[in-house]
Structures are given as C-alpha cells and as structure tokens.
Amino acid sequence: MCCGEKVTKQSPTRELVVRCPTCHKEHSKLAGPFRKLRVPRWTISYLIKESAIQYPKVLTVAEIKRRLGLSSSGTAYLLKRRLQLFASDLIPRMQEAFYRDNKLRFGDFRFPRDREADLTDMVKNQPIPQADTLVLFSVGNLSNKGRKRFRRKGQTSSIYRSSSVDGRGEQVGTLVNTVAVKNGPAFFDSIPNQKAETVNPILFKYIPVHNPVFTDGGYSLPSMNHRTINHSLKSKDKRHTWSRQRWSKNGIHTQVAEGRQGILKRAFRSYGWLNPKYSTLALNEFTAIGNLRYFGLDDLLPDESKAYPVRYQLDDNWSLRDSRNRNVGREGFEPSYSGETRFTV
C-alpha cells in the first residue's frame, strides 16, 4: 500500500519492483533479507544449495564472486550478508522445534538423586543434549607483544587483547556456546563470557530447565537433571597425572558437542579471521545450513504459510502448553526433529 491504494504498476526496468502511480515511489515485491534484491533470484537458491552441498565447508565472499562470475566483491559481500540474515530468520523456528521435541521426549525423565550413579544403561540410545564452549581465533602472546593476560581467566582471557597493548583490551577472538545432540541438530551462539547469567538464558532457549543435559564443570544450571564431567580429574595412580575418566565417566560425556566444535573450527579456517561483531551472523549461517537435514519444511515455514498452523504458547519458563503434552512420558513416544509425532509399536 502506498498513498492509500494498492501498488500494482510494474517497473519498466526491474521485474521485482513495483511503482506507486501517484508518488512514483518504488517498492520491492520481495520481503525480509531479500528485499530490493538487484540480482536474479536464482542466485539466492544457488547459494543456499551450494552451501548445503559443501557443508561443513563455508561459502566465502571470494568463492561467491568466482562461482557467479561477479565483477565486484561488494556484490558478493552483500549476497553473503543476505544469506546470513536469511539463516538468522530460520534459527528461532529451529529453536522452537528442538525445544518442543525435548519437552515431549523428556517430560517425565529423571536422573537418580545420587550424583555418582552409573547412567550408562539409562542414557543408552537417548539423545541427551550436551553443552560446551569453544574459542575461535584466540589471541596468543605473540599478538600481545609477548605480554601475558592477567586481567581475565579461563577461555575468556584468550579472546581479548591485553589492555597494555591498545589501551582498551579489544576483543579479537570469539567465544562460542555449543548445544548439540547425537545424530541431531547443533546450535552455536557467540557469547562475551562464561558467566551463568550469560550462558543459562541462552541454553534454556533450546531445552526446558529440568531437561537432562551433559556439560563440563564450567556450567552451573538450576536443574535436577544436569550432570557434569570433570575434564581436570587427576589420576589416583601416581604414575599418571590425568585420569582416564576425565573424558567419560558413568555414561556422562560431552564428546558430541566437542566433535561438532571440531567441525566448526576446521570450517572457519576458510575465513582466516572473523571480526567478533559479525560472529553471530556467521554462526547463524553455519547453524542453519547444518541443521536443514534435521527439520521438515513445516518447522521452518512461518505460521501464515502453513496449511494447518499449530500454535504453541510459551510461558515465562519456556514450557509448552499444547494438547500434545498429554503424551509426555507415555511409553513408546518418539518425537522426531522434523516436527512429526509418531508412536512406536
């Protein structure tokens, strides 16, 4: 609508643009990240398909320019940015589908009260979510002119330059929070630190509060089903420094999340270096492209595009209220990441 009437006049030079007959203002037929697209539409579908085919390798600006035969790197850069914005629009719908499946699968699931109990048989063939953190493009002593970093501790210290170098302690690396399940989707979020007030709200976007989850000792979650693995566990044998159980103990481990982080690190080598202020866009693109195989089309379409939309009401605790909740805890229930609900016989 423009000037009180519907705009239908086609632009004589651009097929994706309509012009107001009164004020002659141009409007794009496309919405969202592809609004005012000046290149043919097939380029977007081509880039999405190529990104999915060559995953986990990322599609760089130089590769987009070369594949499309573009004369300007600026056009390739803007196409890359549109692709990242499109992926960012898909992430919330993937989050809701992933949250819903965990809510339905683990509604009545409870770990034993004994924190040292063996959970091997209990978690066998169960897609328990795992969380871990990762540093991309860490800052070494060489980039700090040999200075050590005493201001921050842990992984956070390796993403900031020493304040004595530039006077500001500028962030150079990227700290990533990972949530992943075996044979299922993985989600990556850029975070400034590992404090509970930063990490916990992000983690609870993907799983309910009392959902079973495995992490390392760096997480502190208010959950009865949270179990941790101590990666710094010392060996009781004096001949060895580290214990063999520091990677897996009583069925508790974070190897799925660590494996996905290894894939992420190898993929982001193609960038050489990534400015932290663009890390969220790059991680959203990598997350959405990698998770496309685990979600159906109905999970990714907005409600207005679905033939039979299903609306879920999320309360302050992110709990889902829907008629499907009557199946929570029912034996044989097996939700899928495609959004379908089926029962095994």
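All residue numbers refer to position in the chain's written sequence, counted from 1. Whole-chain, interface and lining totals are the exception, using all residues; otherwise, since this is a predicted model, local features are given only for residues with pLDDT of at least 70 and side-chain atom pairs are given and counted only at 80 or more. Hydrogen atoms and water are omitted, and side-chain values are computed over all heavy atoms in the structure.

Asker: I keep staring at the overall build of the protein chain and nothing clicks. Help me out?
Answerer: Only runs of H or I of at least four residues qualify as helices and only runs of E of at least two qualify as strands under DSSP, and these elements are numbered from the N terminus. Across its full length, the protein chain carries eight helices and 14 strands. The rule is simple: take the accessible area with a 1.4 Å probe, protein chains only, and divide by the maximum for that residue type; under 20% is buried, over 50% is exposed, in between is partly exposed. Taking all 345 residues of the protein chain together, the buried fraction comes to 43%. Working rule for contacts: check all heavy atoms of both residues, and any pair within 4.5 Å makes them a contact. Taking contacts inside the protein chain between residues at least 6 apart in sequence as the whole, the part at least 24 apart equals 54%. Per-residue accessibility takes into account occlusion by the displayed protein chains alone, with areas from the Shrake-Rupley method and a 1.4 Å probe. Counting only carbon and sulfur atoms, one obtains 49% of the accessible surface of the protein chain, whose full area is about 19500 Å².

Asker: Before we go on, may I ask you to explain the packing of aromatic side chains in this structure?
Answerer: Centre-to-centre distance and the angle between the planes together describe a pair of aromatic rings. In this scheme Phe, Tyr and Trp rings, the latter by its six-membered ring, pair at centre separations within 6.5 Å, and the angle between planes marks the pair as stacked below 30 degrees, edge-to-face above 60, and tilted otherwise. The full count for this structure, using the stated rule, is eleven aromatic pairs. Measuring from ring centre to ring centre gives 5.1 Å for phenylalanine 268 and tyrosine 271, while their planes differ by 90°; the resulting arrangement is edge-to-face. A network of ring pairs unites the aromatic residues Tyr55, Phe188, Phe268, Tyr271 and Phe286 as a single cluster. Comment: the charge-over-ring label is applied if NZ (Lys) or CZ (Arg) is within 6 Å of the ring centre and within 35 degrees of the ring normal. The ring of tyrosine 278 carries the charged tip of arginine 81 above its face, separated from the ring centre by 4.8 Å. Its end group placed over the ring of tryptophan 242, lysine 234 keeps NZ or CZ at 5.4 Å from the ring centre.

Asker: Help me understand the environment of lysine 36 in this model?
Answerer: With respect to the secondary-structure elements, lysine 36 resides in the loop between β3 (26-28) and α1 (42-53). Lysine 36 sits 19 residues away from valine 17 along the chain, and the two C-alpha atoms are 7.6 Å apart.

Asker: In this structure, what is going on with the nonpolar core? I would like to understand it.
Answerer: We call a set of buried residues a nonpolar core when its members are Ala, Val, Leu, Ile, Met, Phe, Trp, Tyr or Cys and they connect through side-chain atoms within 4.5 Å of each other. In terms of nonpolar packing, the biggest core is built from 28 residues, with Met94, Phe98, Phe187, Leu203, Tyr206, Ile207 and Phe295 touching the most fellow members. For this core, the secondary-structure elements that each account for two or more residues are α3 (73-105), β4 (130-136), β5 (174-180), β6 (186-191) and α5 (196-203). Take this core: its biggest share by element is six residues, from α3. Not counting chain neighbours up to four residues away, the residues in contact with tyrosine 206 comprise Gln95, Phe98, Tyr99, Asn102, Val179, Phe187 and Asp189.

Asker: For this particular structure, what's the right way to read helix α6 (residues 255-267)?
Answerer: For an α-helix, 3.6 residues make a turn, and residues three or four places apart therefore share a direction. A helix is expected to span 1.5 Å for every residue after the first. With 13 residues, α6 should reach 18 Å at 1.5 Å per residue; the first-to-last C-alpha distance of 18 Å fits that figure. Considered for burial, the residues of α6 that qualify are Val256, Ala257, Arg260, Gln261, Leu264 and Ala267. Along the long axis of α6, the arc covered by the buried residues comes to 135°, so they all point the same way. It is the directions from the helix axis to the C-beta atoms that the arc portrays.

Asker: Would you mind going over the environment of threonine 120 with me for this structure?
Answerer: Its location among the elements puts threonine 120 in the loop between α3 and β4. Among the residues examined, threonine 120 registers a relative accessible area of 39% and is labelled partly exposed. The sequence separation of threonine 120 and lysine 249 amounts to 129 residues, and the corresponding C-alpha distance is 8.8 Å. Here aspartate 118 takes part through its side chain, which lies 2.6 Å from a polar atom of the side chain of threonine 120. Identification of polar contacts relies on pairs of N or O atoms within 3.5 Å, with a donor-acceptor requirement for protein atoms, meaning one able to donate a hydrogen and the other able to accept it, and with residues adjacent in sequence counted only if both atoms are side-chain atoms. Separated by 3.5 Å, the side chain of threonine 120 and the backbone nitrogen of glycine 251 make a polar contact.

Asker: Explanation requested: the sheet that holds strand β1 (residues 9-10) in the structure shown.
Answerer: Each strand in a sheet pairs with another by means of backbone hydrogen bonds, the pair being arranged parallel or else antiparallel. By this definition, two strands are paired if DSSP reports at least two bridges between them. Here we have three strands laid out as an open sheet, ordered β1-β2-β3, and antiparallel in their pairing. Where the open sheet ends on each side, the last strands, each with one partner, are β1 and β3. As paired elements, β1 and strand β2 (residues 17-19) share two bridges and run antiparallel to each other. Bridge pairing in β2 links glutamine 10 to valine 18.

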